[in-house]
Amino acid sequence: EMAPKVDDVISSIREALPKEIGRGKKDKDGVIQQLASYIDSIEKKPPPVQMGIGASAGLVTGYIFTKGSKATALVLGIGLITFQFCNYRGYIKLNRSKIEKDLRDIKRRVESELTGKSQFEMDANKMSSFVSSHAYLLSGFAAGALLGYALC
């Protein structure tokens, strides 16, 4: 059986990502820029509106992550048990050294491809100014996320 090539793995990762991410595109209409401009426009709204928007986004996020994490844990657990059973019964033979070598190669190539073309860097001043200017939105988001986790 042939193992997937490193180039095939990288191209499949690129296809899975949105076109604006991971390709070094600096277009003003990119997803990240649209999201940033929308968040900046929320800053000009009254504090109760900011908290409401943050709380509703946090509620949805918390609920989705809780449901998603439960489903992911179930699928992963069943998959690991099945893999161990097949390994124990001798259906699967693993070449550990080849797997480790391939994983190191894939990791190195993916890191060089993704970090070399689009890096998102934030310094401490930008981060603290963002947090202070969006305090109502972030506090509402945190409260909503906690409520979303509590619903499940």
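The rules behind each value
- Residues numbered from 1 in each chain as written.
- Predicted model: local features only at pLDDT ≥ 70, side-chain atom pairs only at ≥ 80, totals over all residues.
- Heavy atoms only, no water.
- UniProt positions renumbered as here; feature names shortened; annotations may be inferred.
- Helix = DSSP H or I, 4+ residues; strand = E, 2+ residues; numbered from the N terminus.
- Patch = residues over 30% accessible without salt bridge, like charges linked within 9 Å, V, L, I, M, F, W, Y side chains within 5 Å.
- Areas by Shrake-Rupley, 256 points an atom, 1.4 Å probe, with all protein chains shown as cover.
- Salt bridge = Lys/Arg side-chain N within 4 Å of Asp/Glu carboxyl O.
- Buried < 20%, exposed > 50% of the residue type's maximum accessible area, 1.4 Å probe, protein only.
- Expected span 1.5 Å × (residues − 1).
- Contact = heavy atoms within 4.5 Å.

Q: Looking at this model, I keep getting lost on the UniProt feature "transmembrane region" (unreviewed entry) in the chain. Mind explaining?
A: When the UniProt feature table is mapped onto this chain, "transmembrane region" (unreviewed entry) is found at residues 71-91 and 135-151. What you have in residues 71-91 is 90% helix and 0% strand, and the ends, taken at the C-alpha atoms, are 27 Å apart. Within residues 135-151, the helical portion is 100% and the strand portion 0%, while the C-alpha atoms at the span's ends are 24 Å from each other.

Q: Teacher, can you tell me more about a nonpolar patch on the surface here?
A: A cluster of nonpolar residues, Leu59, Val60, Tyr63, Ile64, Leu147 and Leu151, forms a patch on the protein surface that exposes about 570 Å² of accessible area. For the nonpolar patch, the elements supplying multiple residues, two or more each, are α3 (47-89) and α6 (135-151). Mapped onto the elements of the fold, Ile64 is located in helix α3. Given the relative accessible area of 51%, Ile64 is considered exposed.

Q: So what exactly am I meant to see when it comes to α3 here?
A: Two residues of an α-helix separated by three or four positions point the same way, owing to the 3.6 residues in each turn. With 43 residues, α3 extends 62 Å from end C-alpha to end C-alpha; this agrees with the ideal 63 Å at 1.5 Å per step. Among all positions of α3, only Gln50, Gly54, Gly58, Gly62, Thr66 and Cys86 are buried. Packed against the buried residues of α3 are α2 (31-42) and α6. Phi turns positive, to about 90°, at Gly90, one or two residues after α3.

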